[in-house]
Amino acid sequence: MMFVKATKQSEANQPPTKEAILAMHKFNEELEKAGVLLDLGGLTPSSRGVRVQYHGSKRTVIDGPFAEAKELIAGYALLEVKTLAEAIEWAKRSPFDGEEAEVELRPLFDASDFDPGKGV
Amino acid sequence: MSDPHAAIDAVFRIEFPRLVAALARVTRDVGRAEELAQDALVVALERWPVDGVPDNPGAWLMTTARRRALDGVRHARIADAKHAELAREHDAGPRDVAGELADALDDDIGDDLLRLVFTACHPVLPTEARVALTLRLVGGLATAEIARAFLVPEATIAQRIVRAKRTLADARVPFEVPRAPERAERLASVLEVIYLVFNEGHVATAGASWTRPELCHDALRIARVLAGLAPDEPEVHGLVALLELSASRLTARTARDGTPVLLADQDRASWDRVLVRRGLAALARADELVAARGAPAGPYHLQAAIAAHHARAATAEATEWPRIAALYTLLARRAPSPIVELNRAVAFAMAFGPDAGLELVDALVADGALAAYHLLPAVRGDLLAKLGRGDEARAEFQRAAELTRNERERDVLLARARAAP
């Protein structure tokens, strides 16, 4: 799973430039054509989100926005690749030029992660 | 992530098919293109661990391959008759090989990739060679990976690929996308290769494990690529749908100890929902295209429709078996084969009772075409057991166990023999 971190711009709900949108669209198309893109989505700014916190039986709902843009997620892409290195290689090709951006790559668990007999 | 070799492998997997496709456009010779791409990779393997992976690795590889190609052209002028044709073209003037090579990667290489797929799956090649060449050239797998997947020595696969390239060159197979009327038949060959790769991963014909999911993922990836290259072909989407839906159950098909789990016993909550959704979307696309063409659904499309019925059923009991039986009857008419007939028998048994299934199975036994296929006695045993004919069922399960080459499957069949009423 490739998480795209939020930026000040995305949190302020400022739309990216036309060029940036086109570049992103082209990149997604490339992922699709390579047969590695399973799913993707973009998230609205945290001002439109809420958090639900659990303390024992108590539930607290906190309205956004939330501070620390870098800790927030602005979008995701689910890739199916053989290795983490391959995901990194694709992530490097994301068209984030000039702006400060960060993506986080997190492998999903698969069956073998729960199988104590495998790979030993 | 500091392992440079893992990074290099990743780049190769992504770039190799594009590189070969772009090179083949210029050399018009897939074998030569593969060699040039391979040479470029060797150079990269020397340089990148020292210099680091370049910012645009695809362009770097293309430049390197281009240099090699031009060296080859120069050599060809002097001695090597094998490259004479390329050299002649180079000298002829109007065709600027260097320029074309430089442009090749910048352009949309979709058409070249599609040509590559059709060439790798050319009917002039034996099936095994098509499979190996497709995985190598289109899937970007290393020879060693293909060998591991098929449980054969690496040298065997290397030989197979060398021979395949020679066959393509000897037969002067053009690097092109076939047109009608040849196109349909050639596309069927491409789809068959992808399906075979998937199936080998889905039910490994031999060896200690029941499935080899890696191979399924490779096939699925190639199928998805093909759907992007040939978006108007309903059967391509039909195959993608079938593979996505089958892949959604991969995890559920094997218990933790490696034992196969049959469809009816699978934990449906562990089916991959993303893949199910993708499969249903691909099926819908195939349906639209078929409706627009006014053509009947093809065999992969029909199988996908059957798989979709399973995917939509919340429980095994909720499966709409009469609908599935009807789809199998359509499939048997469209693409008759003993295997389809066996599946039809199972669907009939589920829809209309074991007697109805047994009737079809017995016709197959009399036909003799599946005499060596372990699933024929396995199905017959299952139906006999349901009818309470325990001794006959036991004998069938034992025969099935003798026939299979998959060890996990054998265990299951022997257990069923012991459990027969």
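Residues numbered from 1 in each chain as written. Chains lettered and ligands numbered in written order. Predicted model: local features only at pLDDT ≥ 70, side-chain atom pairs only at ≥ 80, totals over all residues. Heavy atoms only, no water.

Chemist: Sorry if this is basic, but what is going on with the environment of Pro178(B) here?
Modeler: Residues and elements named next belong to chain B. As for its placement among the helices and strands, Pro-178 is situated in the loop between α9 (154–170) and α10 (182–202). The sequence separation of Pro-178 and Arg-115 amounts to 63 residues, and the corresponding C-alpha distance is 8.4 Å. In this structure, Pro-178 is in contact with Phe-118, Arg-183 and Arg-186, ignoring residues within four places of it in sequence. (Helix = DSSP H or I, 4+ residues; strand = E, 2+ residues; numbered from the N terminus. Contact = heavy atoms within 4.5 Å.)

Chemist: Any chance you could explain the interface of chain A and chain B here in plain terms?
Modeler: Note on interface size: it is often stated as the accessible area lost on association of the parts. Contacts between the two partners involve 21 residues from chain A and, on the opposite side, 25 residues from chain B. Of all residues in chain A, the largest losses of buried area upon contact with chain B belong to Leu38(A), Glu80(A) and Lys82(A), amounting jointly to 29% of the total for that side. Across the chain A-chain B interface, the total number found is seven salt bridges. Viewed at the interface, chain B and chain A are joined by nine residue pairs in polar contact (both at pLDDT 80 or more). If you list the elements that add at least two residues to the side of chain A that touches chain B, you get α2 (18–33), β2 (37–42) and α3 (84–92) of chain A. Per-element accounting of the side of chain A that touches chain B gives the leading share, six residues, to α3(A). Along the lines of polarity and charge, the residues of the side of chain A that touches chain B split into 11 nonpolar, one polar and nine charged. (Buried area = accessible area lost by both parts, 1.4 Å probe. Salt bridge = Lys/Arg side-chain N within 4 Å of Asp/Glu carboxyl O. Polar contact = N/O pair within 3.5 Å; in protein donor to acceptor, adjacent residues only side chain to side chain. Nonpolar A, V, L, I, M, F, W, Y, C, P; charged D, E, K, R; others polar.)

Chemist: Hey, could you run me through the environment of Asp367(B) in this one?
Modeler: Inspection of the secondary structure puts Asp367(B) in helix α17 (residues 354–367). A sequence separation of 29 residues divides Asp367(B) from Pro338(B), and the C-alpha atoms of the two residues are 8.9 Å apart.

Chemist: So what exactly am I meant to see when it comes to the pattern of salt bridges here?
Modeler: Where charged atoms from two side chains of opposite charge approach closely, those side chains can pair. Residues and elements named next belong to chain B. A full pass over the atoms with the stated rule returns 36 salt bridges over all chains. Salt-bridge contacts for Glu-34 lead to Arg-136; the nearest nitrogen and oxygen are separated by 3.3 Å. With Glu-34 in helix α2 (residues 30–51) and Arg-136 in helix α7 (residues 127–137), this residue pair connects regions lying 102 residues apart in the sequence. Of the two residues, Glu-34 and Arg-136, both sit in the buried class. Glu-182 serves as the salt-bridge partner of Arg-186, at 3.3 Å between the closest nitrogen and oxygen. Remark: Glu-182 and Arg-186 occur in helix α10; sequence separation between them is four residues, near one turn of the helix. (Buried < 20%, exposed > 50% of the residue type's maximum accessible area, 1.4 Å probe, protein only.)

Chemist: Before we go on, may I ask you to explain the nonpolar core in this structure?
Modeler: A general feature of soluble globular proteins is that nonpolar side chains tend to end up buried together. Residues and elements named next belong to chain B. Core analysis: the biggest nonpolar cluster contains 86 residues, and Leu-116 and Ile-194 have the highest contact counts within it. Excluding residues within four positions of it along the chain, Ile-194 makes contact with Ala-219, Ile-222, Ala-223, Leu-226, Leu-239 and Leu-243. Formed by 35 residues, the second largest nonpolar core is a distinct cluster that contains Leu-302, Val-379, Ala-393 and Ala-400. (Core = buried A, V, L, I, M, F, W, Y, C linked by side-chain atoms within 4.5 Å.)

Chemist: Could you clarify how one ought to interpret the packing of α17(B) against helix α18 (residues 375–386) of chain B in this entry?
Modeler: Geometrically, a packed helix pair is captured by the angle between its two axes and the distance between the axes. All names here are of chain B. Orientation of α17 relative to α18, taken along the N-to-C sense of each, is 150 degrees, at an axis distance of 10 Å. In this structure, the crossing between α17 and α18 has a hand that is left-handed. Taking contact as the criterion, the partners of Pro-354, Gly-357, Leu-358, Val-361, Asp-362, Leu-364 and Val-365 in α17 are, on α18, Leu-376, Val-379, Arg-380, Leu-383, Leu-384 and Lys-386. Here the contact of α17 with α18 is composed, by residue class, of nine nonpolar, one polar and three charged. (Axes fitted to C-alpha atoms, helices over the stretch in contact; angles between N-to-C directions. Left-handed = near helix turned anticlockwise from the far one by under 90°.)

Everything listed is a geometric property; what it means functionally is a separate question.
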